[in-house]
Amino acid sequence: MELWIKIAVILLIAFFVYREILKSAQKPSIQTSKASFMSLVGVGGVVGVFTYVGMSMTWVETRDLRPYHPENSSQFVSLHDRGVIELNGMVIKTNLAHKGELAPLAEKLTQGCNGDDGCEAQKLFDYVTAIPYRTDYTSRNALTVVKSNWGDCDDKSNLFASLLNERGIDYRFVYVPHHVFVAVHINDTRNVPFLNAKLTMEGKDFYYAETTASGAKIGEFNGQFPYSFEGIYDMNKNKPEELSNVKFSIG
């Protein structure tokens, strides 16, 4: 159930409770007015508590997808949340678009690439990095990012990953404290000239793709060294990478 629906249901219940309270307050007008005000305050408090609990259960409240440990947090992961993953003992909410939702956009952006996956990846990346950066406190769906034309690192990583999914291009989410970026695998590198930062996993090279940097190129180093990695996740296989098997190189 969507968050706004939950809040609407809570408010509707509060309205009926408040109405019953007013019906039961059969006293002189001054006292009725006082009772009405106090009941309004009481119901308002109850609504506030229920709304806070509802939001806590619906959102994995993170800043830039910062992972958190549930046992040390008041927040809960709802069973209805989409794309919740576990990574090295941490719970993280992702929010990719459903397959096909962004297919027309991905096809339009990659026209003229003639099947060159390096060309396609860079064109998709150019589109995402051009979207204005703005922070929020939850992981927003890729389709929502397109419609609103703004996002932070997790939002824009969700969008880039979703577009890559539409073109069948392999990638990984790379998590560091307070931040997430994408590493993308490219077969044809002729049209991607800035390939200087990469991670090698299972014999495949994945190049850095920092979605928050306007005008960035795939392969440009973003300052994140492997010792700062909290985890690397393969969304297509729905499993984390073993960090000890990941090789980093630059230059």
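Conventions we followed
Here the residue numbering is sequential within each chain, running from 1 through the sequence in written order. With the structure being a predicted model, the display of local features is reserved for residues of pLDDT at least 70 and the display and counting of side-chain atom pairs for 80 or more, all residues being used for whole-chain, interface and lining totals. Each side-chain value is derived from all of the structure's non-hydrogen atoms; neither hydrogens nor water enter the calculation. By convention in this document, the label disulfide applies to cysteine sulfur atom pairs within 2.5 Å. Each residue's exposure class comes from its accessible area (1.4 Å probe, protein chains only) as a fraction of the maximum for that residue type: buried when under 20%, exposed when over 50%, partly exposed otherwise. At least two DSSP bridges between two strands are needed for those strands to be called paired. Going along the chain from the N terminus, every DSSP run of H or I of four or more residues is numbered as a helix, and every run of E of two or more is numbered as a strand. Whether two residues are in contact is decided by their heavy atoms, any of which lying within 4.5 Å being enough. Angles run from 0 to 180 degrees between N-to-C directions of axes, and those axes are lines fitted to C-alpha atoms, restricted for helices to the stretch in contact. When a carboxyl oxygen of Asp or Glu is within 4 Å of a side-chain nitrogen of Lys or Arg, the pair counts as a salt bridge.

1. Brief notes about the state of the cysteines
Scanning all chains against the criterion turns up one disulfide. There is a disulfide in this structure between Cys113 and Cys119, and the S-S distance comes to 2.1 Å. Residues Cys113 and Cys119 share a disulfide whose torsion about the S-S bond is about -65°; that sign makes it left-handed. For the pair Cys113 and Cys119, a shared accessibility class is recorded, and that class is buried.

2. Quick look at the sheet that holds strand S7 (residues 231-234)
Hydrogen bonds between backbone groups are what pair the strands of a sheet, and the pairing can be parallel or antiparallel. Strand order in the open sheet formed by seven strands is S8-S7-S3-S4-S6-S5-S9, with antiparallel pairing between adjacent strands. At either end of the open sheet lies a strand with only one pairing partner, and these are strand S8 (239-240) and strand S9 (247-250). Bridge count for strand S5 (residues 197-201) against strand S6 (residues 204-209) is four bridges, and the pairing is antiparallel. For Thr200, the partnering residue across the bridge sits in S6 and is Asp205. Sheet strands in contact with helix H6 (residues 153-167) are strand S3 (171-176), strand S4 (179-185) and S6, and its direction is about 20° off that of S4.

3. Section: the pattern of salt bridges
What the rule picks out here adds up to nine salt bridges. With its nearest N and O atoms 2.8 Å apart, the salt bridge here joins Asp170 to Lys204. With Asp170 in the loop between H6 and S3 and Lys204 in strand S6, the pair connects residues that are 34 residues apart, well separated along the chain. Its relative accessible area of 17% is what places Asp170 among the buried residues. Here Lys204 falls in the partly exposed class, since its relative accessible area comes to 31%. As a salt-bridge pair, Arg172 and Glu241 come within 2.7 Å of each other at their nearest N and O atoms. Placement of Arg172 in strand S3 and of Glu241 in the loop between S8 and S9 is noted, with a sequence separation of 69 residues between them. Exposure remark for Glu241: the relative accessible area of 10% places this residue in the buried category. Put simply, Asp170, Arg172, Lys204, Asp234 and Glu241 are held in one network by salt bridges that share partners.

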